[in-house]
Each structure stands twice: as C-alpha cells, then as structure tokens.
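What the coordinates show
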Amino acid sequence: MVSNMPHLDYTMLDELKEIMDDEFLALLRAFLSDSDTRVKSLRVAYDAGDHDNARAIAHSFKGSSGNMGAAALSQLCTEIEQLAKDGRTLDAGTLIGELEGEYKSVATEIMGVISSDAKLPKK
Amino acid sequence: MDGLEERPAKLNILIADDNPTDRMILSRIVQSEGLSVIEAANGLEAVEAFKKHRPDLVLLDALMPEMDGFDAAKHIKQLSADDLVPVIFLTSLTDADSLARCLNAGGDDFLTKPYNRIVLKAKIAAMTRLRNLNKTVLAQRDRISGYNKHLLREQEVAKCVFDNIAHPGCVDAPNITYILSPMAVFNGDLLLAARSPSGNLLVFLGDFTGHGLPAAIGAMPVAEIFYGMSLKGFAMSEILKEINRKLVQILPAGVFCCGCMAHFDYRKNVISVWNGGLPDAILYRSDSGEVEQLPSFNLPLGILKPDQFKVAPKELECAEGDQFYMCSDGILEEENIEGEMYGEQRFLDVFKNNTDPSLIFSEQKSALDAFRSTDDQGDDHSLVEIIFRQEDAHETAQTSVIATESISRDWRFSYELRSETLRSFNPLPLLTHIIREEPGLSAKSGELYTILAELYYNALDHGVLGLNSQMKASSDGFAEYYRLKEKRLLSLDGASVAITLDHIPKDNGGRLTIQVEDSGKGFNYKNIDVGLESNSGYSGRGIPLLHKLCERLQYHGKGNVVSVDYLWEYTNKLLTKAG
Amino acid sequence: MTIWASQSEAGDALTIKVQGRFDFSAHQEFRDAYEKSQEPTQQYIVDLKDTTYLDSSALGMLLLLRDHAGGDTASIDIVNCNSDVKKILTISNFEQLFAIK
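Before going into details, it helps to say that this report is about the structure given with it.

Definitions and limits used
Residues numbered from 1 in each chain as written. Chains lettered and ligands numbered in written order. Predicted model: local features only at pLDDT ≥ 70, side-chain atom pairs only at ≥ 80, totals over all residues. Pairing = 2+ DSSP bridges. Helix = DSSP H or I, 4+ residues; strand = E, 2+ residues; numbered from the N terminus. Axes fitted to C-alpha atoms, helices over the stretch in contact; angles between N-to-C directions. Contact = placed C-beta atoms within 7 Å. Parallel < 35°, antiparallel > 145°, perpendicular 65-115°, else oblique. Left-handed = near helix turned anticlockwise from the far one by under 90°. Nonpolar A, V, L, I, M, F, W, Y, C, P; charged D, E, K, R; others polar. Core = buried A, V, L, I, M, F, W, Y, C linked by C-beta atoms within 7 Å. Buried ≥ 20, exposed ≤ 12 C-beta atoms within 10 Å, placed from the backbone. Expected span 1.5 Å × (residues − 1). Right-handed = clockwise from strand over helix to strand, strands pointing away.

As for the sheet that holds strand β9 (residues 257–265) of chain B
Residues and elements named next belong to chain B.
- Here five strands make up an open sheet; going across it, the order is β7-β8-β9-β10-β13 and the pairing antiparallel. For this open sheet the edge positions go to β7 (189–195) and β13 (314–317), each flanked by a neighbour on one side alone. Put simply, the sheet's adjacent strands are angled 15° from each other on average, direction ignored.
- Where β7 lies against strand β8 (residues 201–208), seven bridges are found, and the strand directions are antiparallel. Its bridge partner being in β8, L190 is matched across the sheet by G206.
- Helix α8 (residues 236–250) contacts β8, β9 and β10 (270–276) of the sheet and is inclined by roughly 160° relative to β9.

Now the structure itself:
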C-alpha cells in the first residue's frame, strides 16, 4: 500500500511554502540534513538490536516526515516504531530497507523543489 | 475585565521539539500570529528556557531526548505555581494511554502531527483566553486578600482605640473570671467592670446585634459612659439610662445591645441586677448550692426612647462567697455535630452537678468544650463569673489621681433637694465631683463618697421616708423595705434634704465638714453613745463606719441634723513634691 | 429561607410569612416584603408558623419593620411562634413592642 502512495504531497508543500515564506528553502535543507542522520542512525540501531533508540528515531522521523507531506515515509516510520515498541526491532529489516528507498525518492523530489524554487526570483 | 487590560503586547511562546523541521514550522506559524517564540530542542532546555523567559504558553513535544515532554511539563507546572501557563503537547501519539499521560503530566491540550495551522491558531487563542481568565481570577483573589488584610489591620487599630477607652476597667480583678474572645468587640460582645468611688463593683456584659465595625462602634460609647459614670459614683440605673439614651441616638433602627448589668454592694450585701435581653443571669448561693435565675425582664439597650426606658433592677441579698454568672446567647446556641444546640438545661446542669463551687467556671468551660463539634474557640460567646468578695476596694479609684499642687482652699457649698428631686435624682455624683475639685480631696473621693452616701441615705430613708433599718434583717423584710421605699418616694410631698459642705484649709491639709439636714421628725439621739462601735439598733445607719472614717460625728436639734468632720493631710510624698 | 408577603382583600393588612431560618440572610427579602407593598397598610402580621430559628439580626429586622410601620404607633402582630422562637422573643422582651400571639 505504501508503494501506491505519492512520495510527496505537493498541496501540503505549497501550504508550507506559504507558511515559511523566505525560510522555505532553509526548511527543506534542514529536513534533508536531519533526515540523512536519522536514516543512518536507524540502520545502526537496527544492527545493534537497540529497541529504544530505534523507536525514538522512528517516532521523531514519523513526525517530521508527516509535517513535510511525505506520507509514505511517515507510514513506514509508524510501522517500524510499532515493531521497536514490541521489542521486535530485528523483524524490521525489510521495512528499514523500504524506508531507505522511500527516503531516497523523497529526497530527490525535495532537491528538485529546492533547485526549481531557488531559481525563482524573490518576491 | 482587568485581565485583558494587563495583556502584554506580544505573548511569548516556548516551543520545545527535538525535531528541527517541526520546530521551524511551528515557530513560523506562531510568529505569523504576531507572537514571539523561544525555541528549545529538548526537555531540559525547555525547563531552562522557561525559568529564563517566563513564557505565556508552552508547546511541548512529548518524546524528546534528555528530558521528555512529560517530565518537562511537570517541572514547568511546578515553576509557574499559581500563574496558569498552559502547556500544549505536540504529539504524533494517538493511543488513549499516551494522551492520558500528557494530561496527567499537567498538559492542558494536545496538538497532533502533522500540524494544522488553523487548529493550532484556535488552540493558542483558547489557551490565551484561559490564561487571561486565570489572571483575572488571581488578581481578584489578591485584591480580596488585600482587602481582608486591610480590614484586619483596621480592626487592630480600632481594637487599640477601644482598649484605650476600656482600659481603666477592673475585669482582671481576682474575683472576676471570664471567657471572651480577644477580638470579641468585633463580634459584638463586650465585658466591662469598674469600681465605684465607694468600692462597690459594677459589671456589664453586652452583646450587640451584628458583627464587625457596627458592633464595635456601639461598644465605644457604652464603655466610655460606663467607666466615666461609674467612677463618678452614678448609680446603675442612671448609667443604664445614659447608655440607652446614647445608643438610641447613634444606632440605626434594628441594631441594639442585649446586656446585663450587675452592681455588687459589699457593705449592704446586695447584688442589683438588670437584664435586658441576655440569657438568664445566675446567682449561685455557695453555702446552700441554691441557684437563682435572673431572667431578662427588659428590652435590650438602644431600642426604647429615653422617656420610655425605665430601670428597675432586681435587688438580691447575698453573702460573701456567692457566685454570679452572666453569659451571651452564643454559649447556649453553640451547636454540636448533629446541629443540636447547647441550650439552657446543659448550662444549668453544671450548677446542679457541681460539688465544689470554686470549680463551676472551669466545669462550665469543659462541658461546653466537650459538647461543641469543632476545636474552634467560638468567637461570639462570652461567660463571666463574679465572686461576691471585696478586692482592694479603694485602690483603683485612688491610684489614678495624683494631686499636682499642695494647695488647700477655703469654701462652702450648700445644696438642698426637695420632694420631686428626691424621688428621681441621685446627688452623690455631683457632690463627689465638687469634692474632687479640691486637689487634696480628690485622692480621698472613695472614702468621702462612702461618708456622703451613708449620710444621704440615712437622711432620705430613715429621716424623710421613716423607714426602719431593722426591716432589712430578714429576707422578707428586705424586699418589703425596698417596696415601701418605692411607695413612699412616690407620695413624697414637702420633704427636703439639705447638704452643706464646708472646707477650711489647715496646715498641710484641711478640714471638710459635712452637714446633712432632713425634713423628717428626727430621733432621740441623746441616749445613744454614738462613739460605741456597737450594733445597738442603729447598725443600719452605718454609724460605726462613719466613726471610723470621720474625726467627729454629731447629731443636732431633734435628731434630723447630723454633721461630721473629715480631716485630711497631704501625704509625705506629695509634700516633698510641693516643697 | 423563603419569605412570602400577601395583602388582605381590603388592602389594609399585610401578612409576611417567613419559612425556615429567620436570620441575616433574610435581610433584603424581609425588607422588600413590606417596602414594596403599594397599599397603605395599617396592620402587619408576621407569621412565624414555619420559622425554625430566629437570631438577633431577625430581631433587628422586626424593629426595622416597626420603625417603618410608624414606631410607637405601629400595629404589628407576630403570630404562630413555636416555643424556641417564642423564647427568643421573650428573652428580649419583644412583647413590649409587638403583639405576640
């Protein structure tokens, strides 16, 4: 089901752009740099079988990706968080793989937005 | 509302979220509402930022590193104390347990991720209203408590003024025991006690309707009249009339003073009691254990106009050691846990069950304590016990007066009272007042009051009214004596009593001659050795006492004229001062 | 505590009934009962049939009514007192000012 969802909800992104105004690009860049760290540390927590860390990272990532309009990414986080919460972090291997892939797509799209937006003249 | 007026130009909002993008988005939404933002990346930072900036509203992420939102909320709620700082939890948690945890930690609301700008704005507005409402309530609370403090301060000042007026009293004499709240005057209860110039004791227990300042305002003139007039030797009935007159004049209709006044005459062994609206006063005969109830037969003070207000105190013979009780209705209306009132019967039972009269007062107190539902000392109940026993009679009246110069004047004063005046007027205060004008005599006014009273009442009762003092020997005769006196006074016609005070200066003092002449038929004094300290049929005339106090006592004419000499000297102390 | 006032048919007598505790809390209502009456009242009847308790401020309110009704010329009956209420009126000797029945 996740695969059927769009990587980014552009309506939400437009809304964000309106809210953030001249900080919109900064927000997108912050999301990318924060998310790079999270995706990597989630993999580390998985390898170590560290339920608590896996859960905390997935929870936080769930929130931020949800706010960015990355619903599929957020959904994957929810599922990983639930497994970690149940002490089944080791069963999350497939999901983490999916998440890394999904994030790659989201990041690509966001970078696209950044480059197209950066070319637009300031209001 | 005041709370809105105090609203600062820009509300401060603390946003704590470990996720930088979420924080950025929230900050931006909040700023776009014209509010200023303080950011924190975890719970610890949030608590520190709260201490430093005292924000108006806190948005807290539930799960954060270092310290989570739950603990941070608890700290923040503790730090804000009375001040309501709403905490909104930011959460993507959706299960009921987690949401309940937010509330238990002190959260006031939630905001779920992803954020919805409209919902967030509405929530901030709602929380701001809540905060303003709380501010208004706090401001009102502080104002009320300020008023209350102010009122208490004012009461203390008023109490101090009242104590200054009531100060000369002798309520702390060894024969008087009482329960009275220290601030009783603001509950309308009032206890006054004074010695008259003759050394007799006058006690008043009053209970004003109402509480607080109105009650205290009434108490002031009552105390002033009571002390002023008793010091000058006015009789109880005159003091009561004056108090009533004053209260009618100053109190609004509907405010009055229930009260009981008792006069203890130690020489005649008589208690006179006037009760207007207090529960029955009690006279306890210490030898027989007999209890005599003295109910209220009068309207309270401050109701009847002066011309309608009549005073007829009840006169009771009594003996040394008899005990007298007055209480306010607060005692009898004290309620227990079931809401049942203490009542008169329980009060009377204490007397009935008593075996040692000296314990009655403490037994009354403990019976009441055992009955009442709370540990609170009731504020508006007063109980007083007076033992019929003379205590240092002349001390109070004399120590307060010190002559400032050793002079002695030469003067004479004559005063004649005719029938109408004899019926209704007591000349003793006036005479005492005149005597006190002589500096050296002012300190002796107690003794002189006694002498004047003896001479005047001998002339009136035995000379003018022809009453036989031996009547008073028996209990029935005693009552009959006062009944006859009342009756004969009413039909008095063409009678008179003339009093002459003649003062001549002497070395270091003077001689006061008092002559009293009555219109009666006199008596055969020639056969009586007036110098004998005997009770030979004239005991009622207090002759032995007069002999003790005076240099010379002499009857003249047909026995209707009597004169005494009273010699006085300045004491050494005063001499030194004068020299 | 509740207070009812009712005017007689002829309009010259006003009956005031006090139910429950007659104390300071009744102050305004009791006052309204006779002050708001439009008729020229000659006779007042205070019915204490359902009055359970009466305190000294109630005595004060009765005195205010007496004042309103003309002081010494007032005609006020206090009726249907139970024994506790009667005792309180008696201690204060209010029978000298009111017809207590």
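What follows picks up the thread again.
Some thoughts on the packing of helix α1 (residues 27–35) of chain C against helix α2 (residues 56–68) of chain C
All names here are of chain C.
- Put simply, α1 and α2 touch, their axes get as near as 11 Å, and they point 20° apart. One element, α1, and the other, α2, form an angle in the roughly parallel class. As α1 runs across α2, the sense of the crossing is right-handed. On α2, the residues touching H27, F30, R31 and Y34 of α1 are M61, L64, L65 and H68.
- Taken together, the residues of the contact of α1 with α2 sort by class into five nonpolar, two polar and one charged.

Some thoughts on the nonpolar core
- Grouped together as the largest cluster of nonpolar side chains are 94 residues, with contacts concentrated most on F226, C260, A262, I271 and A281 of chain B.
- Here this core takes 10 residues from helix α7 (residues 212–231) of chain B, the largest share from any one element.
- When near neighbours in sequence (up to four residues on either side) are disregarded, F226 of chain B contacts L192, A194, F204, I239 and I243 of chain B.
- Within the second largest apolar cluster, 62 residues are counted, among which are A72 and Y103 of chain A together with V85 and I88 of chain B.

Here's the deal with helix α2 (residues 20–32) of chain B
Residue and element names in this part refer to chain B.
- For α2, built from 13 residues, the straight-helix expectation of 18 Å at 1.5 Å per residue is met to within 8% by its first-to-last C-alpha distance of 18 Å.
- Regarding α2, the residues found buried are T21, D22, R23, M24, I25, L26, S27, I29 and V30.
- Two residues or fewer past α2, G34 is found with a positive phi of approximately 85°.

A word on the environment of L63 of chain C
- The topology assignment puts L63 of chain C in helix α2.
- Spatially, the C-alpha atom of L63 of chain C lies 8.7 Å from that of L97 of chain C, the residues being 34 residues apart in sequence.
- With residues up to four places along the chain from it excluded, the contact list for L63 of chain C reads A253, G254 and I303 of chain B.

Section: the interface of chain B and chain C
- Each partner contributes residues to the interface: chain B has 15 residues there, and chain C has 13 residues.
- Considered class by class, the residues forming the side of chain B that touches chain C number nine nonpolar, six polar and no charged.

Quick notes on the interface of chain A and chain B
- Taken together, the 17 residues of chain A in the interface contact 16 residues of chain B.
- Those elements that provide at least two residues to the side of chain A that touches chain B are α1 (10–20), α2 (24–48) and α3 (51–68) of chain A.
- Ranked by the residues each element gives to the side of chain A that touches chain B, the list is headed by α3 of chain A, at nine residues.
- In the side of chain A that touches chain B, the residues fall into eight nonpolar, six polar and three charged.

Points about the sheet that holds strand β5 (residues 109–112) of chain B
All names here are of chain B.
- The strand order across the open sheet formed by five strands is β2-β1-β3-β4-β5, and the pairing between neighbours is parallel. For this open sheet the edge positions go to β2 (36–40) and β5, each flanked by a neighbour on one side alone. Strand-to-strand twist of the sheet, defined as the mean angle between neighbouring strand axes without regard to direction, takes the value 20°.
- Note that strand β3 (residues 57–61) and strand β4 (residues 87–91) share four bridges and pair parallel. Considered in β4, the bridge of L60 is made with F89.
- In the packing of helix α3 (residues 43–53) onto the sheet, contacts are made with β1 (12–16), β2 and β3, and the angle to β1 comes to roughly 165°.

So, the pairing of β4 of chain B
Residues and elements named next belong to chain B.
- Counting buried positions along β4 yields five of five residues, so the element is predominantly enclosed.
- Taking every second residue as pointing to the same face, both faces of β4 are buried, with V87, F89 and T91 on one and I88 and L90 on the other.
- Running through helix α4 (residues 69–80), the crossover from β3 to the neighbouring parallel element β4 is right-handed.
- Pairing between β4 and β5: four bridges, direction parallel. Directly across from I88, in β5, lies its bridge partner D109.

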